[in-house]
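# Results of the structural survey
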Amino acid sequence: MRSTHHLIRPAHLNQFGFLFGGQLLAWVDEDCWISASLSLPGCRFVTIGMESVEFKHRVSEGDILRIDCLRKQVGNTSVTFEVQVYSNSTASGAPIFSTDVSFVNVDEQGNKAPIPAAAKQCGGSL
């Protein structure tokens, strides 16, 4: 599992003073892409989808988010990560957002390409 943290700043807020959902989705996508690239080196991943998008708790300026990315499944050409996002401002300790993010490995022309066996073997448990 790989974790990253993000501090919520004024530039991340929507017109109501809470974290803009699109900003969280961008962080989730980027953090999972980094996890995929580090755990399966030599691949050229592009995002193919998120399982669902449901925000369960608002996030305010000054909150610190932790994004956990856990490799869930590796296929022939794709990899899926389970993502859970936590905020230091929630007393329950429950995730404020969770989803699965899937990536596909592509060649230089943008066509699906197999994930090399060597990459799968050296991937570890990121």
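You'll find the structure just up there.
Reference entry: report on the structure contained in this document. (Residues numbered from 1 in each chain as written. Predicted model: local features only at pLDDT ≥ 70, side-chain atom pairs only at ≥ 80, totals over all residues. Heavy atoms only, no water.)

Summing up its helical and strand segments, the chain has two helices and five strands in all. Each helix (α) and strand (β) of the chain, taken in turn from the N terminus, gives the series β-α-β-β-β-β-α. Counting every position in the chain, which comprises 126 residues, the buried fraction comes to 37%. Of all intrachain contacts in the chain linking residues separated by at least 6 positions in sequence, the fraction that spans at least 24 positions is 67%. Put simply, the chain shows about 6900 Å² of open surface, and 51% of that area lies on carbon and sulfur atoms. In the chain, 10 side chains carry a positive charge and 12 a negative one; their mean positions are 4 Å apart. (Helix = DSSP H or I, 4+ residues; strand = E, 2+ residues; numbered from the N terminus. Buried < 20%, exposed > 50% of the residue type's maximum accessible area, 1.4 Å probe, protein only. Contact = heavy atoms within 4.5 Å. Areas by Shrake-Rupley, 256 points an atom, 1.4 Å probe, with all protein chains shown as cover. Lys, Arg positive; Asp, Glu negative; His and termini not counted. Charge placed at Lys NZ, Arg CZ, Asp CG, Glu CD.)

This next bit is on the environment of S39. Its place among the elements puts S39 in helix α1 (residues 21-39). Take S39: its relative accessible area is 0%, and that puts it in the buried class. Along the chain, S39 and Q121 lie 82 residues apart, while their C-alpha atoms are 9.6 Å from each other.

Tracing the backbone through its elements, the reader meets D31 in helix α1. The contacts of D31, once residues within four sequence positions are left out, are R2, T4, H6, I67 and C69.

In terms of burial, strand β4 (residues 78-87) is largely enclosed, as seven of its ten residues are buried. The sheet contact formed by strand β3 (residues 64-74) and β4 spans nine bridges and is antiparallel. If you follow R71 over to β4, its bridge partner there is F81. Between β3 and the antiparallel strand that follows it, β4, lie three residues. Across eight bridges, β4 lies against strand β5 (residues 97-105) in antiparallel orientation. Across the sheet, E82 pairs through a bridge with D100, a residue of β5. (Pairing = 2+ DSSP bridges.)

Taken as a whole and judged by the stated rule, the model has zero disulfides. The cysteine C32 is free of any disulfide, with C69 supplying the nearest cysteine sulfur at 3.2 Å. Assessed through its relative accessible area of 0%, C32 is described here as buried. Residue classification places C69 among the buried residues on the basis of a relative accessible area of 1%. (Disulfide = S-S within 2.5 Å.)

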